[in-house]
Amino acid sequence: MTFFRNRMFLEGIAIGGICGVIIGSIIAFTIGENNIGAVRKAIGSRIPLPGRGKVPYEFLA
């Protein structure tokens, strides 16, 4: 257990842990955004949301 007394070892573990959390959060956020977009697209194609239906062309003229 003498390697826990080495300051450089502990600093390396701390910095590596912080960097791992940051990189992991970025990856999770990116994957989450992609999944939310896919879920919105699937729900939007099955359930017509108000205001997103077909445009009544007789009122455009």
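Right, let's walk through the structure included here. (Residues numbered from 1 in each chain as written. Predicted model: local features only at pLDDT ≥ 70, side-chain atom pairs only at ≥ 80, totals over all residues. Heavy atoms only, no water.)

Let us look at the overall build of the protein chain. What the protein chain contains, in helices and strands, is one helix and zero strands. Here the protein chain holds 61 residues, and 0% of them are scored as buried. (Helix = DSSP H or I, 4+ residues; strand = E, 2+ residues; numbered from the N terminus. Buried < 20%, exposed > 50% of the residue type's maximum accessible area, 1.4 Å probe, protein only.)

Right, let's talk about a nonpolar patch on the surface for a bit. On the surface, a cluster of nonpolar side chains totalling about 250 Å² of accessible area is made up of Phe 9, Leu 10 and Ile 13. Topologically, Leu 10 is positioned in helix 1 (residues 7-46). Of the residues examined, Leu 10 reaches a relative accessible area of 41% and is grouped as partly exposed. (Patch = residues over 30% accessible without salt bridge, like charges linked within 9 Å, V, L, I, M, F, W, Y side chains within 5 Å. Areas by Shrake-Rupley, 256 points an atom, 1.4 Å probe, with all protein chains shown as cover. Salt bridge = Lys/Arg side-chain N within 4 Å of Asp/Glu carboxyl O.)

This structure, assessed with the given rule, holds one salt bridge. Here Glu 11 ties to Arg 7 by a salt bridge, and the two come within 3.0 Å at their closest N and O atoms. Of this pair, Glu 11 and Arg 7 both sit in helix 1, separated by four residues, roughly a single helical turn. For Arg 7, a relative accessible area of 63% gives the class exposed.

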